[in-house]
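Observations on the three-dimensional arrangement
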Amino acid sequence: MSAYRIEEILSDEFDGKEVEIRGWIYRKRRTGKLIFVVLRDSSDIVQCVVEKKIVGNEKFKELDKVGVESSLILKGKVRKEERAPTGYEIHVDDFEIVGPAYNFPINKDKSDEFLLDNRHLWVRSREMTAILKIRDAVFEGFHEFFRERGYFETQGPMFVTGAVEGGSTLFEVPYFGKKAYLTQSSQFYLETLIFALEKVYTIAPSFRAEKSRTRRHLTEYWHAEAEAAWYHNEDMMKDEEEMVVHIIQKVLEKRKKELKLLNRDIEFLESIETPFPRMRYEKLVDFANEHGVEMKYGDDLGADEESAITKHFDSPVFITHYPTEIKPFYHRPDPENPSVVLCHDLLAPEGYGEVIGGGERTYKLEVLLQRMEEEGLNPEDYYWYVDLRKYGSVPHAGFGLGVDRFVWWLAGLDHIKYAIPYPRTIRRLKP
Ligand code: 4AD
Ligand code: MG
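A quick note: this is a predicted structure, and the numbers were derived from the prediction, not measured.

1. Some thoughts on the overall build of the protein chain
For the protein chain, the count of helices and strands is 15 helices and 18 strands. For the protein chain, the C-alpha atoms occupy an extent of roughly 85 × 50 × 40 Å along the three principal directions. For the protein chain, the proportion of its 431 residues judged to be buried stands at 53%. For the protein chain, the exposed surface amounts to about 20,700 Å²; the carbon and sulfur share of it is 49%. Computed over 62 positive and 76 negative side-chain charges, the separation of the two mean positions in the protein chain equals 8 Å.

2. Some points on the pairing of strand β16 (residues 343-348)
For β16, the tally of buried residues reaches six of six residues, placing the bulk of the element in the interior. Where burial is concerned, the two faces of β16 agree: the one with Cys343, Asp345 and Leu347 and the one with His344, Leu346 and Ala348 are both buried. Relative to β16, strand β13 (residues 317-320) runs antiparallel, the two sharing four bridges. Residue Val317 lies in a different strand from β16, and its bridge partner there is Leu347. In this sheet, strand β17 (residues 353-360) lies alongside β16 in antiparallel orientation, the contact comprising six bridges. Within β17, the position partnered with Leu346 by the bridge is Ile356. Where β16 hands over to β17, the hairpin turn is made up of four residues, of which Glu350 adopts a positive phi near 65°.

3. Here's the deal with the site of ligand 1
Taken together, 23 residues surround ligand 1, and among them Glu165, Gln187, Glu225, Glu354 and Val355 come closest. The backbone of Leu218 places a nitrogen or oxygen atom 2.9 Å from a nitrogen atom of ligand 1. Note that an oxygen atom of ligand 1 is positioned 3.4 Å from one of the backbone N or O atoms of Gly357. For ligand 1, the accessible surface in isolation is 630 Å², of which the surrounding protein chains cover 94%. Within the residue set of the shell around ligand 1, elements represented by two or more residues are β11 (220-229), β17 and β18 (396-402). Ranked by the residues each element gives to the shell around ligand 1, the list is headed by β17, at four residues. In terms of residue class, the shell around ligand 1 is built from eight nonpolar, seven polar and eight charged.

The rules behind each value
Residues numbered from 1 in each chain as written. Chains lettered and ligands numbered in written order. Predicted model: local features only at pLDDT ≥ 70, side-chain atom pairs only at ≥ 80, totals over all residues. Heavy atoms only, no water. Helix = DSSP H or I, 4+ residues; strand = E, 2+ residues; numbered from the N terminus. Buried < 20%, exposed > 50% of the residue type's maximum accessible area, 1.4 Å probe, protein only. Areas by Shrake-Rupley, 256 points an atom, 1.4 Å probe, with all protein chains shown as cover. Lys, Arg positive; Asp, Glu negative; His and termini not counted. Charge placed at Lys NZ, Arg CZ, Asp CG, Glu CD. Pairing = 2+ DSSP bridges. Near = heavy atom within 4 Å. Polar contact = N/O pair within 3.5 Å; in protein donor to acceptor, adjacent residues only side chain to side chain. Nonpolar A, V, L, I, M, F, W, Y, C, P; charged D, E, K, R; others polar.

Written out as structure tokens, the structure is:
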């Protein structure tokens, strides 16, 4: 007999049927000659009733001794049972303990630090499993969207020789007697590839030596980045908002049960639609001050400000036209007012804040060289990036979305460390 997934057998169609299932003990309770095992697999949980007189004395004792997270294969008959946690139970005829477990270290009273040290075991919890499934649907949504829109998937290197987003968050690694860095963004490599493929995307790790301890910073995160030839700022924002809504729909379609388990406000996610509001940076400064967040023109948004401001948003909002001096050199200054750049950040509502950074790139050689000089950068270090402006340059735009940030918001989590299987932060490198 081949095994069923638990999710499959939780239906009236299976009432009275003989099945085999495999999984791990989620809960176990004995009352006299009965043992109630709640078994979990990747799909769901189901209550299983084991009777001493059916399985025999020896096996009954064996099962009585093992603890939660022991792995089992069991056979039995499905019965509809309203009082069981998922509406059905299995009357067990026979079972096999495949891998016993004793004293599983994780229980309800453990500290966050303990849970993080034991992340390799904690991933089995129902909450973490729900988050991992939501994350999976998010990745699926990205790939689907980009491919449907004619973007080619491609890859840049992770060992690089220079900064994209400023030197202060670069990780240095020894590289055969030379210095290399872990990449902060695949953007510049994607820019080279648009000359071959026009529209490209990648989902890859990015690295930031973030010294800040916030709810939103990892040192290693997953970055979904895209770049398109002939695109202007507004063209890119359109793709992005449709992408965001596409992914939300995907998650709602496949993972509503998991969102409910996490107590996510589902109606709110359902209410999100395109177009997202656009707000110029200068208006954001007013908006912030009107809502009690002190900010002056030229200030960059810190995590606390972003959180305070976006509590007042009821949709993701694009902030555009940031002052040139607070954005990296590659952003294209607005020809009508070069003191601002043609860029955008997408801020998620409900106190979450920035999930996307993007915009139009400087494509004229003179302007790029001037911006590099202003920032004290040596064009020789970026010779290949500069070359793109010498040989058939075109207007183009792109963006980067922090996948973990996005999952953090979509799932309504407290901290970004819950959004990724193995978080890396300033204080955490294990397991
Ligand atoms: O705003 P950032 O720094 O922009 C770039 O890297 C551009 N080169 C992207 C591009 O245009 N191709 O980063 C983009 C996004 C942020 O909006 C945020 O969601 C995420 O990456 N991010 C982080 N996520 C987790 N931990 C960190 N330390 C992050 N830093 C940025
Ligand atoms: Mg940014």
